[in-house]
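Observations on chain architecture
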Amino acid sequence: DPAGFLNTNGQPIKISDFVGKKVVLIDFIDYTCINCQRTFPYLTSWYQKYGDQGLEVIGIHTPEFAFEKDPANVAAALKKFGITFPVVLDNNYGTWNAYNNEYWPDKYLIDIDGYVVYQHAGEGNYDETEQAIQGALAERDARLGLATKPTGGVVAPANAVAVNDMLVQSPETYFGSARNEYLGNGVQGQDGTQTLTIPSSQQENALYLGGTWNFQQQYAESSNGTVSYSWNAKNMYLVASSPTSAKVTVYLDGKLLTANRGADVAADGTMTIDGDRLYDIVAEPSYGPHTLMLKIDSGTLDAYTFTFG
């Protein structure tokens, strides 16, 4: 059973509630997933454009990390991204498993008869998705004997960000022992404390840690550590949290990060980790190779994963 519902005035919702009445677009989302975040402007635009024309948009929030099971964290993220459509808290993966889903994000368009008529995993194909929505709404209008027609055209959200996946050369890189196969120094796949030294010679797309780190299944924790990672993309993000609040200094290519910094890096090149979320670190104007270094100045950092765009 779902762990809860957001944006529904506390009322439960089911897909079956809409059979014979509405077209439903469901999307499996996760609020720290950068791929999901880049689709949010389209979801909110479709909800606004077609919400009074027979479309219901429902987010299925299936958490990748334990802190994403907290309804307060999800609610804060929905507010941040301006999401007002209903969201189901799929903490136990019940809906995810029912659809045999494998990806964040993944969209399923369900027609008035309750059948999935279109599906798209990942980002992109927005025009195709919207045309499928229009087709399903037109079928609904005809079935219900309505003289109206769904609005044409395709949305172009001003805040949408496009990414060229072919130019992103670095993989998602996890810190936690369950999936830290890119750990370049130290023992992979092992829980517990390791004291590490960052080597002078480093490979691209390998995670190097310095100082003392306590490895848990989903994250690695340190109060005195450093992180080094050579990557090749345009944007770099970190999913992180802190049991208190952590201050981290960010270096890019050997220099304090002051130019082309992400939204979460201050003008002095520092970043404060004070919430359970995705942090925007680097925002370069073009794709290319770089080396990032993080130095924990105070507090304790729980680092989950690097992602790229």
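Cut-offs applied
- Residues numbered from 1 in each chain as written.
- Predicted model: local features only at pLDDT ≥ 70, side-chain atom pairs only at ≥ 80, totals over all residues.
- Heavy atoms only, no water.
- Helix = DSSP H or I, 4+ residues; strand = E, 2+ residues; numbered from the N terminus.
- Rg over C-alpha atoms; globule rule 2.2 N^0.38 Å.
- Buried < 20%, exposed > 50% of the residue type's maximum accessible area, 1.4 Å probe, protein only.
- Contact = heavy atoms within 4.5 Å.
- Areas by Shrake-Rupley, 256 points an atom, 1.4 Å probe, with all protein chains shown as cover.
- Pairing = 2+ DSSP bridges.
- Axes fitted to C-alpha atoms, helices over the stretch in contact; angles between N-to-C directions.
- Core = buried A, V, L, I, M, F, W, Y, C linked by side-chain atoms within 4.5 Å.

1. Observations concerning the overall build of the protein
Along the protein, the regular secondary structure elements total five helices and 16 strands. The C-alpha atoms of the protein give 21 Å as radius of gyration, which agrees with the globular expectation for 309 residues (19 Å, within 12%). For the protein, the spread of C-alpha atoms along the three principal axes comes to 70 × 40 × 30 Å. The buried share of the protein, taken over its 309 residues, is 51%. Excluding contacts between residues fewer than 6 apart, the proportion of contacts in the protein whose partners are at least 24 apart in sequence is 71%. Of the roughly 13600 Å² of accessible surface on the protein, 48% is carried by carbon and sulfur atoms.

2. A closer look at the sheet that holds strand E2 (residues 23–29)
Across the sheet, which stays open at both edges, the six strands sit in the order E1-E4-E3-E2-E5-E6 with mixed pairing between neighbours. The open sheet has two edge strands with one neighbour each: strand E1 (4–6) and strand E6 (116–121). Within the sheet, the average angular offset between the axes of one strand and its neighbour, ignoring direction, is 20°. Where E2 lies against strand E5 (residues 106–110), five bridges are found, and the strand directions are antiparallel. Bridging across to E5, Val24 finds its partner in Ile110. Of the strands in this sheet, E2, strand E3 (55–61) and E5 are in contact with helix H2 (residues 40–50), which crosses E3 at around 150°.

3. A short note on the pairing of strand E15 (residues 277–298)
Each regular strand carries side chains that alternate between the two faces of the sheet. Across 14 bridges, the pairing between strand E11 (residues 226–241) and E15 is antiparallel. Bridge pairing in E15 places Ser228 opposite Met293. Taken together, the six bridges between strand E12 (residues 246–252) and E15 define a ladder with antiparallel strand orientation. Bridging from a neighbouring strand, Val248 pairs with Ile296 of E15.

4. With respect to the nonpolar core
Counting residues in each nonpolar core, the largest one holds 37 residues, and the members touching the most others are Leu25, Leu43, Trp46, Leu55, Leu109 and Ile133. Secondary-structure elements contributing two or more residues to this core are E2, helix H1 (34–37), H2, E3, helix H3 (71–80), strand E4 (87–89), helix H5 (126–143) and E11. Apart from residues lying up to four places away in sequence, Leu109 is in contact with Val23, Val24, Leu25, Tyr115, Val116, Val117, Tyr118, Ala132, Ile133 and Ala136. In this structure, Leu196, Val282, Leu294 and Ala303 belong to the second largest nonpolar core, which totals 34 residues.

From the geometry alone we can't say anything about function, so treat these as descriptive.
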